[in-house]
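# Observations on the model geometry
These are the residues of each chain, in order.
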Amino acid sequence: MTDAFADRTLAEHRRVFEKIWWQNPERQNETSSSWWFFLLFPEGEAGYGPKQLMFSIAACVGDQSRVNDLPPQGMDADRPVVDGVDRFNATTVGWTGDDEGVHDHVVRQPAEAVLSREDQRLEAWTDREDGTRRGSEIAALSNRPLGLRAHVIGDDAEAEFEAWGDLDSKMTSPHHSLDIDTPLGGAEVVAWRRMEFEGEFDLPDGPETLSGSCYFQRVCFDMPLLPWKWIWAIFPDGTSFSVLVPFIGPQLFRRGYKFFSSDRLERLTIPLRQFGFWDWGSKDGHVEFDTVTVEPLLGTGEHPDFDVRVENEEGDYVRFVARTYGHARNWLDRPRLGGRLTSHWSYNEFMFRIAGLAGHVGGTSIDADSMGPGFGTLEYSTGLGL
């Protein structure tokens, strides 16, 4: 078990928080892309789920880059950034779903984005001729030491909410979780994994006030987008589970939403990195895993389920099946070689409930009876975003 997150001063937290409002334009190249996203788990009668929501602002370099087949909204890697204000093209996307159904693309709006380091704000709005607007905004909260507020408006949904953390652990604080910078490219991630949120939501099923658990990330890639599998799951007491497995395989050449004809072919992958953790939702630290498998189970329904297994050398392990009850998809297309080739990267998100939970973590045995119902999102991206 890892040690508890070291105490930090508010100034140290703010230095990480400030990275949210900068996408490293000095590092960007022709393969760069940036993503700011919220993953929301409203609190229900038995825990966090099955309702889930996602809102994201996406930007990518390239004159003809397209997100979800919308008109080109490419970002210029050589654009001027004046007084800490970065202007670039971006697209707001989002979905909402539960076990009754998924409303995909409740917002899908291109816009010119304005990112201000001083104001700590990212705006991506488009004004319409009728006086309405579509898009989104993320800004720092003024009534808490650190926090975020967001406003999203699409044709089929509107959301206005606040999110914040207790700043007392690695999970509840903004965390500089990845920073790779090489002459060939790199990646930087700021993650705020377990925040609380509350706000007003006008969704396809009607308006409601929601509160619960929020996951936020700001991701900057300065390299081609490779496939990966990523999981974020949460239990009623706030315990969370996550894995990340970037990989290569024949899925690099996949276009659109499809699968191979057998489990064996679909699992023909080579992991580039394996990492997972189980966090108890307290200051007691978390347990990390260095052996991870996330394997699709085809033929289980409209969408595949996934067999999830993690373990470490200390004998800790977690196993369960992610039973899929919803799917949402975003994708990125970038022309290359003067338009003779188009790279395609597909970002599939599966809403799931945990079934058959078994494990032993930090001296404690876990199962469905001890943990209660668990819900999560599983990302299974395919293709290659050159």
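Here the structure is shown first, and the text comes after it.
Everything in this summary refers to the structure shown in the same document. Computed from a predicted model, the values in this text were never measured in an experiment.

## Concerning empty space enclosed by the protein
Per the stated rule, a full pass over the model turns up one cavity of 30 Å³ or more. The computed volume of the largest cavity comes to approximately 50 Å³. Those elements giving two or more residues to the lining of the largest cavity turn out to be β1 (33-42), β2 (52-61), β9 (133-140) and β10 (148-153). Ranked by the residues each element gives to the lining of the largest cavity, the list is headed by β2, at three residues. Residue classes in the lining of the largest cavity are distributed as eight nonpolar, three polar and no charged.

## Examining the pairing of strand β12 (residues 175-182)
Across seven bridges, the pairing between β12 and strand β13 (residues 185-203) is antiparallel. Pairing of Asp179 across the sheet is with Glu188, part of β13. Between β12 and β13, which pair antiparallel and follow one another directly, the connecting turn spans two residues.

## What about the pairing of strand β25 (residues 375-384)?
Among the 10 residues that make up β25, nine are buried, leaving the element largely enclosed by the rest of the structure. Two strands pair when backbone bridges link them, and strand β15 (residues 228-234) and β25 are joined in this way by six bridges, in the antiparallel orientation. Residue pairing for β25: Trp230 is matched across the bridge by Glu379. In terms of strand pairing, strand β23 (residues 341-361) meets β25 through 10 bridges, oriented antiparallel. When the sheet's bridge partners are listed, Tyr347 is paired in β25 with Ser381.

## A look at the pattern of salt bridges
Pairing between side chains of opposite charge can happen when the charged atoms of each approach one another. Scanning the entire structure with this criterion turns up 15 salt bridges. The shortest N-O distance in the salt bridge between Arg134 and Asp155 comes to 2.8 Å. Of the two residues, Arg134 sits in strand β9 while Asp155 sits in the loop between β10 and β11 (158-164), which places them 21 residues apart along the sequence. Between Asp307 and Arg309 there is a salt bridge whose closest N-O contact spans 2.7 Å. Asp307 gets classed as buried once you look at its relative accessible area, which sits at 15%.

## Some points on the nonpolar core
Among the nonpolar cores identified, the biggest contains 43 residues, and Phe55 and Phe201 are the most heavily contacted of them. Element by element, the count of residues in this core is highest for β13, at six residues. Those residues in contact with Phe55, other than ones at most four positions away along the chain, are Trp36, Phe37, Phe38, Leu40, Val93, Gly94, Val106, Val107, Val152, Ala159, Phe161 and Phe201.

About the cut-offs
Residues numbered from 1 in each chain as written. Predicted model: local features only at pLDDT ≥ 70, side-chain atom pairs only at ≥ 80, totals over all residues. Heavy atoms only, no water. 1 Å grid on protein atoms, 1.4 Å probe; cavity = no way out; pocket = protein on both sides within 12 Å on 5 of 7 lines; lining within 4 Å. Points joined across faces, edges and corners; volume = space filled by probe spheres on them. Helix = DSSP H or I, 4+ residues; strand = E, 2+ residues; numbered from the N terminus. Nonpolar A, V, L, I, M, F, W, Y, C, P; charged D, E, K, R; others polar. Pairing = 2+ DSSP bridges. Buried < 20%, exposed > 50% of the residue type's maximum accessible area, 1.4 Å probe, protein only. Salt bridge = Lys/Arg side-chain N within 4 Å of Asp/Glu carboxyl O. Core = buried A, V, L, I, M, F, W, Y, C linked by side-chain atoms within 4.5 Å. Contact = heavy atoms within 4.5 Å.

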